[in-house]
Amino acid sequence: AVVSTQSTGTKDRMLVIEDCKNTRAVTLFLRGSNSMIVQEAKRSIWDAMCVIRNLVRDNRIVYGGGSNEISCAVAVSAAADKVPSIEQYAMRAFADALESVPMALAENSGFAPFATLAEVKSRQIKENNPRLGIDCMDNGENDMKEQHVIETLIGKKQQIMLATQLVRMILKIDDVRSPGEEE
């Protein structure tokens, strides 16, 4: 191993141990102009490590930019068309809720949310390309595979399940019951 002392650019110095055999430890040294910047950097690193952890658990990915939400919304709407009962309205509401993610992306990127979503959704259906999402960086390319915009499948599943559980809890609090449910 190589042991040395390095300056951090100020009067502070740190001890650095490098080239150790069979080590699995990594140390990150964070500095910032104030504690808020350092805390934000720590949260960002924690988030990045959680993404890596999720990829180690399950290495499947989905394309981002709202493309998977649009694709799921189209599939749920198509399934709702085949349901003759009143449950089709709940399915359509779920599809609308899925579309709120790409709408928020479009709005936060400075685009007209409804027009942008409608355009991307119609292209997804017409081109049969579920990778088309919101071009937040305005690169002129809606294919999230081409833009290398990905999310972990496990993270996306957790987001949708958590949001669904939250809605069910709110409906339960408001004493809204599903058809055929006993009191």
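Here, every reference points to the structure presented above.
Every value quoted in this text rests on a predicted model; they were computed, and no experiment measured them. (Residues numbered from 1 in each chain as written. Predicted model: local features only at pLDDT ≥ 70, side-chain atom pairs only at ≥ 80, totals over all residues. Heavy atoms only, no water.)

Draft legend 1. Looking closely at the pattern of salt bridges. Within the structure shown, the criterion is met by 8 salt bridges. A salt bridge links D58 to R60; its shortest N-O distance comes to 2.8 Å. By relative accessible area, D58 is classed as buried at 16%. A salt bridge links K121 to E99, with the shortest nitrogen-to-oxygen separation between them at 2.6 Å. Pair noted here: K121 is in helix α5 (residues 113-127) and E99 is in the loop between α3 (87-98) and α4 (100-108), with a separation of 22 residues, a long-range link. The partly exposed category is assigned to K121, whose relative accessible area is 24%. If you follow the salt bridges from partner to partner, you end up with E69, E151 and K156 in one network. (Salt bridge = Lys/Arg side-chain N within 4 Å of Asp/Glu carboxyl O. Buried < 20%, exposed > 50% of the residue type's maximum accessible area, 1.4 Å probe, protein only. Helix = DSSP H or I, 4+ residues; strand = E, 2+ residues; numbered from the N terminus.)

Draft legend 2. Region of interest: unusual backbone geometry. Of note in the backbone geometry, N128 takes a positive phi value of approximately 50 degrees without being a glycine. Relative to the elements of secondary structure, N128 occurs in the loop between α5 and α6 (144-147).

Draft legend 3. Looking closely at the pairing of strand β2 (residues 13-18). Relative to β2, strand β1 (residues 2-7) runs antiparallel, the two sharing 6 bridges. Within the sheet, the bridge partner assigned to S7 lies in β2 and is R13. Linkage of β1 to β2, two consecutive antiparallel strands, is achieved through a turn of 5 residues, within which G9 is found at a positive phi near 100 degrees. (Pairing = 2+ DSSP bridges.)

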